[in-house]
Amino acid sequence: MPRPVRSIAVATAALLALGLTACTAEEDPAPLPTTPVVQLGAPGEPNRTLSPEEADALEAPGYVEQDVAFVRDMLHHHAQAIQMTGYVDERSDDGDIELLAERMDVSQTDEIRQLERWLQERGEPARDQDAPHGEHGSEPMPGILTDEELAQLEAARGEEFDVLFLQYMIRHHEGAIQMVADLYASGGGQESDIDAFARHVESDQAIEIARMRDLLAQREG
């Protein structure tokens, strides 16, 4: 093949190759598989996989009045738990009780900060401005100790204190779990932050209840 003809052929082939490459690059990529969207069920209920149409229509739920009431009540509930753990150092010589109380104090102090920040970020006051001073609802919160019970705990010492502390704190933790159940039953707990916090409380305090029951059985036996 003469040199000019061969040069033209090579150039033509190169141009065709470039054109094919460009066409290939401009083609739409194959669609990626869609990840299933799973809607978490309330405590005790199964999760559910949403259809593509449901997932597309899904919007992140906002907080509701029940969430605000739950946060305010949980602040008060946690504050009493910290008051109870504050009695331990001067009234108990039991290493297990001291370690348990320290863990509770750290975790619930951190959770109080989370709850206060949640209210602040949403412009909600820390207490219901329409409620009379010092009141947190028409009925006592689940698991909350009365003033008489707190005074009894404060007056106890040694083994008597250890047993009473465990009995009261088990009841207190069970009350917090009940508050979580009541939140979901009332239609709250759908906002992601509140849902995550409520599930954490339910799980963490259930673990501590099991531990406290073991300690109580050892001391009552």
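Residues numbered from 1 in each chain as written. Predicted model: local features only at pLDDT ≥ 70, side-chain atom pairs only at ≥ 80, totals over all residues. Heavy atoms only, no water.

Another point: the confidence of the model for the protein. Looking at the protein, the pLDDT average stands at 83 and 73% of residues meet or exceed 70. Overall, residues 2-18 carries pLDDT values under 50, and its contacts beyond four positions in sequence, including any with other chains, amount to one contact. In the predicted structure, residues 20-26 sits below a pLDDT of 50 and forms zero contacts with residues beyond four places in sequence or in another chain. (pLDDT = per-residue confidence, 0-100. Contact = heavy atoms within 4.5 Å.)

So, on to the side chain of Asp94. With respect to the element layout, Asp94 can be found in the loop between α4 (88-91) and α5 (95-121). Excluding its chain neighbours within four sequence positions, the residues that come into contact with Asp94 are Asp162 and Arg219. (Helix = DSSP H or I, 4+ residues; strand = E, 2+ residues; numbered from the N terminus.)

Two elements in contact, helix α3 (residues 65-85) and α5, have axes separated by 9 Å at closest approach and are oriented at 155°. The angle between the axes of α3 and α5 places the two elements in the roughly antiparallel class. Considering the relative orientation of α3 and α5, their crossing is left-handed. Facing Asp67, Val68, Val71, Arg72, Met74, Leu75, His78, Ala79, Ala81, Ile82 and Thr85 of α3, the residues of α5 in contact are Ala101, Met104, Asp105, Gln108, Thr109, Glu111, Ile112, Leu115, Glu116, Trp118 and Leu119. Looking at the contact of α3 with α5 residue by residue, the class counts come to 13 nonpolar, four polar and five charged. (Axes fitted to C-alpha atoms, helices over the stretch in contact; angles between N-to-C directions. Parallel < 35°, antiparallel > 145°, perpendicular 65-115°, else oblique. Left-handed = near helix turned anticlockwise from the far one by under 90°. Nonpolar A, V, L, I, M, F, W, Y, C, P; charged D, E, K, R; others polar.)

For helix α7 (residues 158-185), with 28 residues, the first-to-last C-alpha span of 41 Å sits near the 40 Å given by 1.5 Å per residue. Looking at the residues trailing α7, positive phi occurs at Gly187, about 100°. (Expected span 1.5 Å × (residues − 1).)

Another point: the nonpolar core. Counting residues in each nonpolar core, the largest one holds 23 residues, and the members touching the most others are Met84, Leu153, Phe165, Leu166 and Met212. Elements represented by at least two residues in this core include exactly α3, α5, α6 (147-155), α7 and α8 (192-220). The greatest single-element share of this core, amounting to seven residues, is contributed by α7. Not counting residues up to four positions away in its chain, the partners in contact with Phe165 are Met84, Thr85, Val88, Ile97, Leu100, Ala101 and Leu153. The next biggest cluster of nonpolar side chains, apart from the first, holds 20 residues, and it includes Val71, Met74, Leu75 and Ala176. (Core = buried A, V, L, I, M, F, W, Y, C linked by side-chain atoms within 4.5 Å. Buried < 20%, exposed > 50% of the residue type's maximum accessible area, 1.4 Å probe, protein only.)

Attention now moves to the pattern of salt bridges. Any two side chains of opposite charge can pair, given that their charged atoms come close. Summed over all chains, the structure comprises 12 salt bridges. The closest approach of N and O atoms between Arg219 and Asp96, which form a salt bridge, is 3.4 Å. Highlighted residues: Arg219 in helix α8 and Asp96 in helix α5, separated in sequence by 123 residues. Arg103 is the partner of Asp204 in a salt bridge, and the nearest nitrogen-oxygen pair spans 3.0 Å. Here Asp204 is found in helix α8, whereas its partner Arg103 is found in helix α5, with 101 residues between them in sequence. Look at Asp204 and you get buried, because its relative accessible area is 11%. Given a relative accessible area of 41%, Arg103 falls into the partly exposed group. Through salt bridges that share partners, Asp94, Asp96, Arg211 and Arg219 make up one connected network. (Salt bridge = Lys/Arg side-chain N within 4 Å of Asp/Glu carboxyl O.)

Inspection of the entire model under this criterion finds three aromatic pairs. Relative to Trp118, the ring of Tyr63 has its centre 5.2 Å away and its plane inclined at 75°; by these criteria the two rings are edge-to-face. Within this pair, whereas Tyr63 is found in the loop between α2 (52-57) and α3, its partner Trp118 is found in helix α5, the two being separated by 55 residues in sequence. Residue Trp118 is classed as buried on the basis of its relative accessible area of 5%. (Phe/Tyr/Trp six-rings, centres within 6.5 Å; stacked < 30°, edge-to-face > 60°.)

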